[in-house]
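Each chain, written out:
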Amino acid sequence: MTVTRSHLPPFERVIELHGPSVLRFCVAQVGADRAEDVFQETMLAALRAYGELREPAAIRSWLFSISSRKALDAHRSRARAPEPVADLAAAPGADGLPLRDDGIWHLVRSLPGKQRTAVTLRYLADLSHREIAEVMQISEAAARRNVFEGLRTLREHSEEETT
């Protein structure tokens, strides 16, 4: 059964409610320099499919699912076409965007894909392990494991930096 648009809140309201957290997720996933593009692609894809949404209560996790796929697409795209930077000191950081601690999120972005997504969804988007499993289309146990492994890797990296 498809829910009609009359049962869904206006899409503008969805963006007001969930846009800031989806943008923060994008920054954590792909970095500040590409986050707005991924965010816009997410919202365009969501707008196109909005009328077909079956679970109005799951709008938030649905948006994060779309954003997660768009972030993965951005990583794949970057891997195929790297961008040269003349001056590394002039490369953009997270200044002016919702994510300010670029140090730790730089480490998060270096995690393997599933761990990066799981940690970001858990600690930036504040999703439960069940919601993470829905977004990533994996079991709840696998979602817990990805969060655990990601945190373990981050701890190891932070211990290496302090020694």
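The structure displayed is predicted, hence computed values, not measured ones.

**Some points on the overall build of the chain**
And then number 1: Looking only at helices and strands, the chain features seven helices and zero strands.
And then number 2: Counting helices and strands in the order they occur from the N terminus, the chain gives α-α-α-α-α-α-α.
And then number 3: For the chain, the proportion of its 163 residues judged to be buried stands at 42%.
And then number 4: Taking as baseline every contact in the chain between residues at least 6 positions apart, the subset at least 24 positions apart corresponds to 68%.

**Some details on the nonpolar core**
And then number 1: The biggest cluster of nonpolar side chains holds 34 residues, and the ones touching the most others in it are Y50, L63, F64, L121 and I132.
And then number 2: Listed by contribution, the elements that provide at least two residues to this core are helix 1 (11-30), helix 2 (32-49), helix 3 (59-80), helix 5 (113-123), helix 6 (129-136) and helix 7 (140-162).
And then number 3: Here this core takes eight residues from helix 1, the largest share from any one element.
And then number 4: If we skip the residues at most four places from it in the chain, F64 touches S21, V22, F25, L121, A125, L127 and V135.
And then number 5: In this structure, L107, V108, L111 and L124 belong to the second largest nonpolar core, which totals eight residues.

**Brief notes about the packing of aromatic side chains**
And then number 1: Within this structure, the stated rule accounts for three aromatic pairs.
And then number 2: Considering the side-chain rings of F25 and F64, the 5.5 Å spacing of their centres and the 85° angle between planes classify their relative orientation as edge-to-face. Residue F25 is found in helix 1, and its partner F64 is found in helix 3; the two are separated by 39 residues along the sequence.
And then number 3: Joined through ring pairs, the aromatic side chains of F11, Y50 and W62 make up one cluster.
And then number 4: The ring centre of Y123 lies 5.7 Å from the NZ or CZ of R122, which sits over that ring.

**Quick notes on the environment of A141**
And then number 1: As for its position among the elements, A141 is in helix 7.
And then number 2: Its relative accessible area of 55% is what places A141 among the exposed residues.
And then number 3: Sequence separation between A141 and H129 is twelve residues; the distance between their C-alpha atoms is 8.1 Å.

**Notes on the environment of E140**
And then number 1: Checked against the element boundaries, E140 lands in helix 7.
And then number 2: With a relative accessible area of 35%, E140 lands in the partly exposed category.
And then number 3: Through-space distance from the C-alpha of E140 to that of S128 is 9.4 Å; in sequence the pair is twelve residues apart.
And then number 4: In this view, E140 contacts H129, R130 and A133; residues no more than four positions away in its chain are not counted.

**Things to note about the packing of helix 1 against helix 5**
And then number 1: The contact between helix 1 and helix 5 brings their axes to 10 Å, and the two run at 150°. On the basis of their axis angle, the class for helix 1 and helix 5 is roughly antiparallel. In this structure, helix 1 meets helix 5 at a crossing whose hand is right-handed. Here helix 1 contributes F25, A28 and Q29 to the contact with helix 5, which in turn contributes R116, T117, T120 and L121.
And then number 2: For the contact of helix 1 with helix 5, a count of residues per class yields three nonpolar, three polar and one charged.

What counts, and at which threshold
Residues numbered from 1 in each chain as written. Predicted model: local features only at pLDDT ≥ 70, side-chain atom pairs only at ≥ 80, totals over all residues. Heavy atoms only, no water. Helix = DSSP H or I, 4+ residues; strand = E, 2+ residues; numbered from the N terminus. Buried < 20%, exposed > 50% of the residue type's maximum accessible area, 1.4 Å probe, protein only. Contact = heavy atoms within 4.5 Å. Core = buried A, V, L, I, M, F, W, Y, C linked by side-chain atoms within 4.5 Å. Phe/Tyr/Trp six-rings, centres within 6.5 Å; stacked < 30°, edge-to-face > 60°. Lys NZ or Arg CZ within 6 Å of the ring centre and 35° of its normal. Axes fitted to C-alpha atoms, helices over the stretch in contact; angles between N-to-C directions. Parallel < 35°, antiparallel > 145°, perpendicular 65-115°, else oblique. Left-handed = near helix turned anticlockwise from the far one by under 90°. Nonpolar A, V, L, I, M, F, W, Y, C, P; charged D, E, K, R; others polar.

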